[in-house]
Amino acid sequence: MAKSSSGNFFEDFRLGQEIVHAVPRTITTGDTALYSALYGMRFPVQSSDAFAQSVGLERAPIDDLLLFHVIFGKTVPDISLNAVANLGYADCRMIRSAYPGDSFTARSKVIGLRENANGKTGIVYVRSTGFNQHGEEVLSYVRWVMVAKRDLAAPAPETFVPELPERVAPEALALPEGLAFSAYDRAVAGSPYFFDDYEVGERIDHIDGMTIEEAEHQIATRLYQNTAKGHFDERLQRESRFGRRIVYGGHVISLARSLSFNGLANAGFVAAINGGRHVNPAAGGNTIYCWSSVLEKYEQRADVGALRLRTIATKDLPCADFPQTGGPNESSILLDLDYWVLMPRATR
Amino acid sequence: MAKSSSGNFFEDFRLGQEIVHAVPRTITTGDTALYSALYGMRFPVQSSDAFAQSVGLERAPIDDLLLFHVIFGKTVPDISLNAVANLGYADCRMIRSAYPGDSFTARSKVIGLRENANGKTGIVYVRSTGFNQHGEEVLSYVRWVMVAKRDLAAPAPETFVPELPERVAPEALALPEGLAFSAYDRAVAGSPYFFDDYEVGERIDHIDGMTIEEAEHQIATRLYQNTAKGHFDERLQRESRFGRRIVYGGHVISLARSLSFNGLANAGFVAAINGGRHVNPAAGGNTIYCWSSVLEKYEQRADVGALRLRTIATKDLPCADFPQTGGPNESSILLDLDYWVLMPRATR
Amino acid sequence: MAKSSSGNFFEDFRLGQEIVHAVPRTITTGDTALYSALYGMRFPVQSSDAFAQSVGLERAPIDDLLLFHVIFGKTVPDISLNAVANLGYADCRMIRSAYPGDSFTARSKVIGLRENANGKTGIVYVRSTGFNQHGEEVLSYVRWVMVAKRDLAAPAPETFVPELPERVAPEALALPEGLAFSAYDRAVAGSPYFFDDYEVGERIDHIDGMTIEEAEHQIATRLYQNTAKGHFDERLQRESRFGRRIVYGGHVISLARSLSFNGLANAGFVAAINGGRHVNPAAGGNTIYCWSSVLEKYEQRADVGALRLRTIATKDLPCADFPQTGGPNESSILLDLDYWVLMPRATR
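Given the structure is predicted, the values throughout are model-derived calculations rather than measurements.

1. So, the overall build of chain A
Step number 1: Of the regular secondary structure elements, chain A holds nine helices and eleven strands.
Step number 2: Compactness check: chain A gives a C-alpha radius of gyration of 20 Å against a globular reference of 20 Å for 348 residues, within 12% of the reference.
Step number 3: Overall, chain A is about 65 × 50 × 35 Å in size when its C-alpha atoms are taken along their principal axes.
Step number 4: For chain A, the proportion of its 348 residues judged to be buried stands at 66%.

2. What about the packing of helix H1 (residues 29-39) of chain A against helix H6 (residues 214-223) of chain A?
Residues and elements named next belong to chain A.
Step number 1: Interaxial distance between H1 and H6 falls to 11 Å at its minimum, and their mutual angle equals 150 degrees. Overall, the two elements H1 and H6 adopt an arrangement that is roughly antiparallel. Helix-helix and strand crossings are classified by hand; for H1 and H6 the assignment is left-handed. Along the contact surface, H1 presents Asp-31, Leu-34, Tyr-35, Leu-38 and Tyr-39, while H6 presents Glu-216, Ile-219, Ala-220 and Leu-223.
Step number 2: By residue class, the composition of the contact of H1 with H6 is seven nonpolar, no polar and two charged.

3. Some details on the pairing of strand S8 (residues 269-278) of chain C
Residue and element names in this part refer to chain C.
Step number 1: Most of S8 sits inside the fold, with eight of its ten residues counted as buried.
Step number 2: Taken together, the four bridges between strand S2 (residues 83-94) and S8 define a ladder with antiparallel strand orientation. Paired with Tyr-89 across the strands is Gly-276, a residue of S8.
Step number 3: Pairing geometry for S8 and strand S11 (residues 333-344), over eight bridges, is antiparallel. Note on S11: the bridge partner recorded for Arg-277 is Asp-336.

4. A closer look at the interface of chain C and chain B
Step number 1: Contacts between the two partners involve 44 residues from chain C, matched on the other side by 38 residues from chain B.
Step number 2: The contact between chain C and chain B buries some 3100 Å² in all, and 56% of this surface belongs to carbon and sulfur atoms.
Step number 3: The largest share of the area that chain C buries against chain B comes from Ala37(C), Arg42(C) and Tyr193(C), three residues that together contribute 19% of it.
Step number 4: Connecting chain C to chain B are four salt bridges.
Step number 5: A salt bridge links Glu213(C) to Arg245(B); the shortest N-O distance between them is 2.8 Å.
Step number 6: If one sorts the elements of the side of chain C that touches chain B by residue count, helix H1 (residues 29-39) of chain C sits on top with eight residues.
Step number 7: Its residues placed into classes, the side of chain C that touches chain B shows 23 nonpolar, twelve polar and nine charged.

5. Focus on the packing of aromatic side chains
Step number 1: Under the definition given, this model contains 45 aromatic pairs over all chains.
Step number 2: Judged by centre distance (6.4 Å) and plane angle (20 degrees), the ring pair of Phe72(B) and Tyr141(B) falls under stacked. Pair noted here: Phe72(B) is in helix H4 (residues 64-79) and Tyr141(B) is in strand S5 (residues 137-148), with a separation of 69 residues, a long-range link.
Step number 3: On the basis of relative accessibility, which here comes to 3%, the residue Phe72(B) falls in the buried class.
Step number 4: Aromatic ring contacts, followed pair by pair, group Phe68(A), Phe72(A), Tyr89(A), Tyr141(A), Tyr224(A) and Tyr248(A) into a single cluster.
Step number 5: The ring of Phe195(A) has Lys297(A) lying over it, and the distance from NZ or CZ to the ring centre is 4.4 Å.

6. Description of the relation of the copies chain C and chain B
The operation linking the two copies of the chain is a rotation about an axis combined with a translation along the axis.
Step number 1: It takes a turn of 120 degrees to lay chain C on chain B, together with a shift of 0.0 Å along the axis; the resulting RMSD is 0.0 Å. When the rotation and shift are considered jointly, the pair of chain copies conforms to a three-fold rotation axis. Considering only C-alpha atoms, the residue of chain C closest to the rotation axis is Gly30(C), which sits at 2.1 Å.
Step number 2: Comparing interface residues between copies, only 11% of those in chain C also lie at the interface in chain B; the contact surfaces differ.

7. Structural notes on the relation of the copies chain B and chain A
Step number 1: Placing chain B over chain A gives an RMSD of 0.0 Å and needs a rotation angle of 120 degrees, together with 0.0 Å of translation along the axis.
Step number 2: In this assembly the copies use different faces: only 11% of the residues contributing to the interface of chain B also contribute to that of chain A.

8. So, the interface of chain B and chain A
Step number 1: Listed per partner, the contact involves 44 residues of chain B and 38 residues of chain A.
Step number 2: Between chain B and chain A, a total of about 3100 Å² is buried, with carbon and sulfur atoms accounting for 56% of that surface.
Step number 3: A salt bridge links Glu216(B) to Arg222(A), with the shortest nitrogen-to-oxygen separation between them at 3.2 Å.
Step number 4: Counting the contacts that link chain B with chain A gives 21 residue pairs in polar contact (both at pLDDT 80 or more).
Step number 5: In terms of residue count, helix H1 (residues 29-39) of chain B provides more of the side of chain B that touches chain A than any other element does, eight residues in total.
Step number 6: The class makeup of the residues in the side of chain B that touches chain A is 23 nonpolar, twelve polar and nine charged.

9. With respect to the side chain of Asp336(B)
Step number 1: As for its placement among the helices and strands, Asp336(B) is situated in strand S11 (residues 333-344).
Step number 2: Among residues more than four places away in sequence, those in contact with Asp336(B) are Gly275(B), Gly276(B), Arg277(B), Val279(B), Arg310(B), Thr311(B), Ile312(B) and Thr325(B).

10. Let's talk about H1(C)
Residue and element names in this part refer to chain C.
Step number 1: Burial analysis of H1 places eleven of its eleven residues in the buried class, the great majority of the element.
Step number 2: Looking at H1, one finds that the buried residues are Thr-29, Gly-30, Asp-31, Thr-32, Ala-33, Leu-34, Tyr-35, Ser-36, Ala-37, Leu-38 and Tyr-39.
Step number 3: Put simply, Thr-28 is the residue that caps the front of H1, since its side-chain oxygen is 3.0 Å from the backbone nitrogen of Gly-30.
Step number 4: Looking one or two residues beyond H1, the residue adopting positive phi is Gly-40, at roughly 75 degrees.

Rules behind the numbers
Residues numbered from 1 in each chain as written. Chains lettered and ligands numbered in written order. Predicted model: local features only at pLDDT ≥ 70, side-chain atom pairs only at ≥ 80, totals over all residues. Heavy atoms only, no water. Helix = DSSP H or I, 4+ residues; strand = E, 2+ residues; numbered from the N terminus. Rg over C-alpha atoms; globule rule 2.2 N^0.38 Å. Buried < 20%, exposed > 50% of the residue type's maximum accessible area, 1.4 Å probe, protein only. Axes fitted to C-alpha atoms, helices over the stretch in contact; angles between N-to-C directions. Parallel < 35°, antiparallel > 145°, perpendicular 65-115°, else oblique. Left-handed = near helix turned anticlockwise from the far one by under 90°. Contact = heavy atoms within 4.5 Å. Nonpolar A, V, L, I, M, F, W, Y, C, P; charged D, E, K, R; others polar. Pairing = 2+ DSSP bridges. Buried area = accessible area lost by both parts, 1.4 Å probe. Salt bridge = Lys/Arg side-chain N within 4 Å of Asp/Glu carboxyl O. Phe/Tyr/Trp six-rings, centres within 6.5 Å; stacked < 30°, edge-to-face > 60°. Lys NZ or Arg CZ within 6 Å of the ring centre and 35° of its normal. Least-squares fit on C-alpha atoms with pLDDT ≥ 70 in both. Polar contact = N/O pair within 3.5 Å; in protein donor to acceptor, adjacent residues only side chain to side chain.

These results come straight from atomic positions and should not be treated as a statement about function.
Structure (structure tokens):
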């Protein structure tokens, strides 16, 4: 019996199946330092213990997306090792704050299956949930991936496509425990713009660009213990349809998030990801740019508001003209992400 | 008097000589995070404080090979700065658990010398030992290197070749203090295979490949404070027989160890290295694959067994066919390593 | 109103203007581990908690240059995002020891302005100061940069050029609190040479070379939250006078500092930077070498002396012949740095 695993194929999944993922993982300040260095993160609450304490937290929390990537990474060996494509995310909610020193595990449940008409692949929908060392949920999301069949003769499962919310309802967004934005220092934070300064429909060019090196995305993706071969095995990838290693889509999300500081400096928390699509794959040498638009606003408390943002990231194409998916620049677009951020509100 | 050093040459070594190595070093969670990110380590005890505590340890210990590389790195400026080749290792024993926050030093003793017939080089055998901040031994190993002579006219020392054990006796393997594998959770660890599931003679293809980037091996090798020029100085190396930088052999060991998780997920501790040979040097751009065979088994306790493994790592050659040294694929083989790992045993 | 910023231009600065910089930042052992791995730092006090304690400190302090880069990084978005050239440093003093876990902020004051004759650029002089979480100054320095004008028709400010000291007076150098070099262990530190062994006029070739990879300088520069586009945006830089990304000058300073261990192993503290010039920009693929000369000596205490050093760093040019600025190797010279280090004195 082979002791190494080539991962699950489409016919290995059953509706309702529960999967306990390897590997348990403590996130330390070593991991948060690496995360900062890989993306140049500048959001002040995550950057400084002193600043975090000034807004009511214990210390600088783990960046929401670092936690997302670590939980996501755990699901890869079971869910997407044989994925042909990572199709989408939905209903991703950050449930509970996480701090360096916390230990995480992850579990998934198969919530939908649909074999494709070609009989070679199928779509698997999973809800994946991360837990801390106390067994409390820290985040939860749905993703769906197209997975190859091992045996083309394997019978198709009954089709079930789950109903997914178009967006996380803002009333349902969790606030970090203890958060008090009333004392938020906008001078040291780097931007005078608070929740009340943004308008629905507003568009922001984040201006700066960042070129991806192979070593960088490999180091990041290994930090997340994500084992998808396409990110690491240049020899194998030369024979693939891409012809080379491709960058973990989450790496592009974090790069765009970091670049978005220029224009959204006070949007330090991602409270939810409503949906996301990796429009094209990124590769080493690509320079990433991005822009955002404000889709929706929600006043959560006197001191906190939630902005629903759409961020578009591109490769080798600056975003001063706000390039759109579906337009002439489609091949330059990498990411189309819809998410909620939390922002301080102006005190009166 | 020159204050910078070009390292020791063959004629600088004396049988019985004791060398105190620079530099004292604390290994922190910053170092362990980097180690994870450089190799994608997934062994659960080293990955999670919570998991480590579930098997009786204080917290996630320092990976055995990270500790090995740090101690090894200290020996380089004194032992192998003028090495022509790193010939072998023997009798490497992990003696005591090490945790983030511990501080280490290293000392070596010259235990053998043999000038080569060409009169240009000689072989130096050293036993190197690492100590923690309490002065306790944490690991000890023998290595032998071929070192250039500075002055070809320097007289040859008396030849002494130490007797070295073919393998560390399994009865002598140290178990981490407090280790209790009885509560080991194989679902969250990532593999159902325990000590009792492996058979002597069994071969395991670890399947996955990892491409080495120059930045990665340089970052790793500097993390270990290893100063061997061949890993860092591209200009100098262009004039060498390799024509370019070569990768620290220990980097290949750690890559192979990380890849071996796929098939050996519960082999979280390296208890000893019996021997090892860097068959060919690796360079940036090489994709590393590996396979292992089980050489020997030893039941240490009701909850712990030791597997003696041989792991062969290759460049640009997948290992489904189990390539051997001495065969037609010799030039693709990088590493031939013989070592003991600890594994939980099935509870009845 | 645009919420993203393109940085200040020359006409945006006013003499006497005070600028509070983003982003507050805690430096952790994660950051210090990365710093070690990026440069291969080997100075024992910063490398080992146990060694640091043996010389009277709480634990391994933050490397002086890491702290400098972090404070410098904060000033970039406000001061030098539109810099044409980073012209010089002066009067940089390390004022107070900093330890992992400390949180830092930075402020600058505009202390000089001079428009250039061409009417397109001007020189801005700033004094920048870093503070810890207690509001205490940790370091302070002057730098001057040539900054582009946005609007060429903007009127020139009154010219004011501050008087700057040629060097920090050695009597003014701060010693780390608690430092007692009397118990300094030179065997484990790696060099027998103490303050009293160095002579004014002495020159030291640091011998070793280190090749810079793009991923390395990007990771370092992001670690410092330095947002200068020229280091990150390959697409944009292709259109620049350099034709490619250039390396943050501070990265070269830290590489030279790390290489200088070979010859200056006991010079673990940078107490001040008297002046510095980036003679030429470095780029990925360059191999860095350096040499130092002793400019001045000052006996601070019975156990501590200060050496004033000049370190010259080159690209692709070994320094056995001590290449000078202004000579035939000018185009190979990257850095000319004048600084004070602290060294233990021989006890009698």
